[in-house]
Each structure stands twice: as C-alpha cells, then as structure tokens.
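Topology and contacts: notes
Each chain, letter by letter, is given below.
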Amino acid sequence: MKGNTKHHANNHHEIELPHGRLHVFANPDVFGAFEPKVYEMADNNLRIPRSMYMSYTPDAHVGVGTCIGTTAVWRMRDGFVSPSIVGVDIGCGMRVHLTPLHKRDIQDPAVRRKLIEAIERYVPTNERTNSNYADIDIMDVVRHGLRGLPDKYVPDARWLTHVEEATFKFDHDFLSELPARIRRNAHGQLGTLGSGNHFIELQAIEIDEGRRETGEGWGLFDGQVVVMIHSGSRAWGAMLGREHTKSLKETMALWGISNPDPNLVYAPAVSHEGKAYLNLMYSALNFAVSNRHMIAFGVRQAFKDVFGEAIELPVLYDLMHNYALKEFHRNEPMLVHRKGATRALPPGHFMNTMAYKTTGHPALIPGSMGTASYIMVGRDEGAKNFYSICHGAGRLRSRRATKELVTVDAFAQSLRVGTEDEILVNHRTLETILDECPQAYKDVDQIIDSVVGAKLADVVARCKPMAVIKGV
DNA sequence: ATGTGC
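Residues numbered from 1 in each chain as written. Chains lettered and ligands numbered in written order. Predicted model: local features only at pLDDT ≥ 70, side-chain atom pairs only at ≥ 80, totals over all residues. Heavy atoms only, no water.

Quick notes on the overall build of chain A
Put simply, the test is: The secondary structure listing takes helices from DSSP runs of H or I that are at least 4 residues long and strands from runs of E that are at least 2 residues long, numbered from the N terminus. Two things to know: the radius of gyration comes from C-alpha atoms, and the globule rule equals 2.2 Å times the number of residues to the power 0.38. The classification of residues rests on relative accessible area computed with a 1.4 Å probe and restricted to protein chains. Under 20% of the type maximum is buried, over 50% is exposed, and intermediate values are partly exposed. Contacts are assigned to residue pairs that have any heavy atoms within 4.5 Å of one another. Only the protein chains shown count as cover for residues, and all accessible areas are computed by the Shrake-Rupley method using a 1.4 Å probe.
A count of helical and extended segments in chain A gives 13 helices and 19 strands. Compactness check: chain A gives a C-alpha radius of gyration of 21 Å against a globular reference of 23 Å for 472 residues, within 12% of the reference. With respect to the three principal axes, the spread of C-alpha positions in chain A is 60 × 50 × 50 Å. Considering chain A as a whole, with its 472 residues, one finds that 61% of them fall into the buried category. The long-range fraction of contacts in chain A, counting pairs at least 24 apart against all pairs at least 6 apart in sequence, stands at 76%. Entry remark: accessible area of chain A is about 18,000 Å², with carbon and sulfur atoms responsible for 50%.

Right, here's the structure in full:
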C-alpha cells in the first residue's frame, strides 16, 4: 500500500498512495513506528473526490473511518464534508486557566486533595447527567455558544475573547431536523466532564527559554500552577455524529457511491445532507466550548472555596481538535477537517482571535496522566500543513490491550505513588482508569520533537501534572 | 468519545 515516499528536510514526508498524496510530519523514529494500516486508511480517505490536501501529524493512529491525527481539506465550492473525518467526539478540545499560585503552594498533598474534592463538588465526573446549571437553556447554548450563557456565568470579558470561537454561527433552521432524543439526552450535561481521555489537571509550568518572551507576554511564569481541561460536546455531539454517519451510509448507497471502508461516509458540502451535517456540527461546537467554559466556572468556584473569594483564574485559551471549519486558505474558502489535530496559527496571522493577533494563540497539547503537556505557538512554516499540529501524545495501544498488558503497580509507579511528588488522582483505585495510564500513550516528547523539528510550532511551556481528575 | 445498545 505504501507507495513512493519523498523525504523532505524538517520531518516532512510525502507518500504517493494509489488514490493520492499523503503528507506525514514525524521525526524518523516516529515515522518508522507508524502501522501499515494508517496508509490503507489514508488511501480510502483519498478516494473521496477533489481532495485538496491530506496529512498526518506525528500522533496519528487508527480510528473509525479515518485516523486520529488527520488534516483533510476540500474547497468549499466543490468539496466534501465527512462526519467520519470529524469523528464522533465533535468539538472535543482543550482549555487552560492560569492561577496566581506557585507549585509550592499546592505541593502539600493535603491541599491538593482538598482541591480535588472541591472541584468534584462543582464538576460532576461520575454521573452522566447531573449538571449543576439547570437554569441554563441548552438550546440557547447550542444556538449561540458562549453568548447563550447567562451573564452570571461569565466572570470577565476574557472568557468570551480568549477562545478559538465564542459563537459558531449556523443556520438554526437545521435544528428542526434534530432527532428529539438528542435534545433529551444532552439535557443536564452542561459543565460535566465526561469519561475516557477527558480530564481536569492541575499542572506546574516551565517556560521554554526560546519562547520566554511569548510566554511571559501571555501571563505565564515559571512554577505557575495552571488548570488544563480536556472535554467535548458530550452526548450532543456523539449522538449527532452517529446519527449522521448512519443516515449518510444510506444516502451514499442511494447515490451509488461506495468506499472500501463502510465506516467512511461523506457528502458534497453543498448537498442538503452535507449542509445539514455542517450546520448541526456547529451546534455541537457551541455545546463543546460552553461545556468547557462551565467546567472552568466550576473549577473557579472550587479554587475560591479553598483559597478565598479573591482568587481569580483568568482563561489563557480554549481551542478544539475535532471539527471541520470553513477557513480561508490560498485565496479560497476551504473546509478544513481536523480529527485529532490542533490549529496553531503563527504571530500576525489574520485568523487569530483579536487577543492573540500579534503573538499567535496558545496551542494546547495534552500529554498523558503521568507525563508533560505542552503550550505551543504556531510558526509561519505551518502554512504547508494548513496550520495543523498534533493533538496530544496519541494512543500507543487499545484500551483492551492496555488492560491486558499494564499492571496497576506499573501505573502507580509512573504516577510516583508514595513519593513526595506523587501525581494525585481523584479515583480511589487506579484500576478503574487503567486504560488511561501513561503506558497506553506514545511518548509525547517524541511527538512534540516531531512537530518542532517540522517547524510547525514552537514550545512555549511544559506543563507537569500535579493532580488529575478523571471521569469513568 | 457516548445516549447504555444492534
């Protein structure tokens, strides 16, 4: 399957597959470790007509229909949209809040335990539907995003401006096509964490010397405690994605379009089916950004409980890694799918939100529970990859394989349990979250090295976990 | 990822 490969400098590989060209950004070690199946998947995706561009970030791994780590671009006017390329965790993304605290302020495990307990009081992590915010109209949220939230839940203006997008505008008429049970099942989920790889972490940061000016300009300092949040659109996006994948399968059969991978579905962006999906996907993006906002609001309350009313947690940034966005590239409106890929715009780029126009915005990249996460910033050279970088470490092995292979003891050791710099976890036993252990993920430092070496982005700060909150 | 379901 893997055809001729042209290796460029800067970790950039161009692979000629039977149905088109795949770009891969990875250092030699990471590139060498890619499974053959990812090329088969890329080729199936390249069968979709009029593809303008397709690439893998170094964290790419096999997913349903399309690999996680894919950037796939079509022109708006004659291109395609694919629910399979977006994936079902629509709008999943990252958010970071700064604190005025130094890591020594929370070094005492008793303080961190208190914080974990307080956060769990405000952010439901176990039950599926028990939002603390019954007074928020979910339809306002999906229509207007952050601007659909009551004022009392917006602590300051930054919470509306330091985000990739506060409101995704779309044609609200398409909401009438929404199956009623999606509305029902998403009720009461706003501000809840979800499960799987979703988390809230308290981290201590180290600014990278090469980008100290950028970091300090953003309000970062060495040893600073930050809160990193990873969550998505919960049931709203999951059900929407599944619904449209199912109905598009039938529509494709009707149109006489087929793909060797039955899990890979797509429609012309201008068709009714394509437009319906795109518009409703934006409702899920509105839900997702609002969900992370309300999780952060809960975390802020928890910090006030522990450290007093005066403490504030300004938002650094909120951005996503699962979506399809209309973006202007190469003098044309394009539809850019990012499935497990993060936009990292460089300083001065016109698509940057106002607050980060001159510096470029923070690109937030989670590691795994026991390893560092990263705050990065895009470079001009990222244009060659439509400004996409990795979305995290990327899974190394499946949840099942992880549970068979890794012991609870090994997991505990990787969290330094029993030592004074133990990474605290909200779970009584590590057994319940064994499939999320660091051993389940690729080496994040290798992934970041690949991105930096490809000149797609620079590291601004490393964030080391001190406490982890996960759902089940 | 996720309404617990074909």
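Moving on, there is more to tell.
Things to note about the UniProt feature "active site" (unreviewed entry) in chain A
Rules: UniProt positions are given in the numbering used here, feature names are shortened, and annotations may be inferred rather than shown by experiment. Here a polar contact means two N or O atoms within 3.5 Å. Within protein one must be a hydrogen donor candidate and the other an acceptor candidate, and residues neighboring in sequence count only if both atoms are side-chain atoms.
UniProt feature "active site" (unreviewed entry): in the numbering of this structure it lies at His391. Mapped onto the fold, His391 is located in the loop between β17 (388-389) and α11 (399-405). When its relative accessible area of 12% is taken as the criterion, His391 is described as buried. Leave out the neighbours within four places in its chain, and His391 touches Asp59, Ile68, His321, Gly340, Ala341, Thr342, Ile365 and Pro366. Side-chain polar atoms of His391 contact the side chain of Asp59, separated by 2.6 Å.

Thoughts on the sheet that holds strand β4 (residues 53-61)
For clarity, the threshold we go by: In short, DSSP must find at least two bridges between two strands for them to pair. Note on definitions: angles span 0 to 180 degrees between N-to-C directions of axes, and those axes are lines fitted to C-alpha atoms, for helices only across the stretch in contact.
Strand order in the open sheet formed by seven strands is β1-β2-β3-β4-β5-β13-β12, with mixed pairing between adjacent strands. Looking at the sheet topology across the chains shown, the edges are occupied by β1 (5-7) and β12 (322-329). Neighbour to neighbour, the strand axes of the sheet diverge by 20° on average, direction disregarded. Sheet topology note: the strand β2 (residues 12-17)/strand β3 (residues 20-25) ladder contains six bridges and is antiparallel. Across the sheet, residue Glu16 finds its bridge partner in β3, namely Arg21.

Focus on the nonpolar core
Which entries qualify depends on this criterion: Grouping buried Ala, Val, Leu, Ile, Met, Phe, Trp, Tyr and Cys residues that are joined through side-chain atoms within 4.5 Å yields what is termed a nonpolar core.
Judged by nonpolar contacts, the single largest core of 74 residues is most densely connected at Ile200, Trp236 and Phe303. With 18 residues, helix α10 (residues 272-307) is the largest single contributor of residues to this core. Excluding anything up to four places from it in sequence, Trp236 contacts Met139, Val142, Leu175, Leu178, Ile182, Arg183, Ala186, Gln189, Ser283, Ala284 and Phe287. Core analysis: the second largest hydrophobic core is formed by 65 residues, Tyr39, Leu248, Val265 and Cys437 among them.

Observations concerning the pairing of strand β7 (residues 93-102)
When you tally the buried positions in β7, you get nine out of 10 residues, the bulk of the element. Sheet topology note: the β7/strand β9 (residues 224-231) ladder contains seven bridges and is antiparallel. Residue pairing across strands places Gly93 opposite Ser231, the latter belonging to β9. Where β7 meets strand β11 (residues 315-320), five bridges bridge the pair, whose relative direction is antiparallel. Residue Met94 lies in a different strand from β11, and its bridge partner there is Leu319.

Brief notes about the pairing of β12
Most of β12 is tucked away, with six of its eight residues classed as buried. In terms of strand pairing, β12 meets strand β13 (residues 332-339) through eight bridges, oriented antiparallel. When the bridges of β13 are listed, Leu325 appears paired with Val336. Where β12 hands over to β13, the hairpin turn is made up of two residues, of which Arg330 adopts a positive phi near 50°.

A look at the side chain of Thr167
Mapped onto the fold, Thr167 is located in the loop between α6 (158-161) and α7 (180-186). Here the side chain of Thr167 touches His144 through a polar contact of 2.9 Å, landing on its backbone oxygen. A polar atom in the side chain of Thr167 sits 2.6 Å from the side chain of Arg147. With sequence-adjacent residues up to four places away left out, Thr167 is seen in contact with Arg143, His144, Arg147 and Asn286.

Quick look at the packing of aromatic side chains
Where we set the bar: Two aromatic rings, drawn from Phe, Tyr or Trp (for Trp, its six-membered ring), form a pair once their centres lie within 6.5 Å of each other, and the interplanar angle then sorts them: stacked below 30 degrees, edge-to-face above 60, tilted otherwise. Only Lys NZ and Arg CZ are tested; either one counts as a charge over a ring when it is within 6 Å of the ring centre and within 35 degrees of the ring normal.
One pass over the structure, following the stated rule, counts 11 aromatic pairs. Ring centres of Tyr153 and Phe297 lie 5.2 Å apart, and the angle between their planes is 85°; this geometry places the pair in the edge-to-face category. With Tyr153 in the loop between α5 (138-144) and α6 and Phe297 in helix α10, this residue pair connects regions lying 144 residues apart in the sequence. Exposure remark for Tyr153: the relative accessible area of 7% places this residue in the buried category. When its relative accessible area of 9% is taken as the criterion, Phe297 is described as buried. An aromatic cluster of at least three residues, connected via ring pairs, comprises Tyr133, Tyr153 and Phe297. Between the NZ or CZ atom of Arg395 and the centre of the ring of Tyr441, over which it lies, the distance is 5.2 Å.

What to know about the side chain of Ser450
Here Ser450 shows up in helix α13 (residues 444-453). Classification of Ser450 as buried rests on a relative accessible area of 0%. In contact with Ser450, other than residues within four places in its own chain, are Asn11, Phe25, Ala26, Asn27, Val30 and Pro58.

A word on α10
Our working definition: One fewer than the residue count of a helix, multiplied by 1.5 Å, yields its expected span.
Taking 1.5 Å of rise per residue, the 36 residues of α10 would be expected to cover 52 Å, and the 52 Å separating its terminal C-alpha atoms lies within 8% of that figure. Most of α10 is tucked away, with 30 of its 36 residues classed as buried.

Regarding the environment of Asp380
One can find Asp380 in the loop between β16 (373-378) and β17. You can call Asp380 exposed: its relative accessible area is 57%. Residues Asp380 and Asp108, spaced 272 residues apart in sequence, show a C-alpha to C-alpha distance of 42 Å. Among all residues touching Asp380, those that are not within four sequence positions of it are Pro346, Pro347 and Tyr387.

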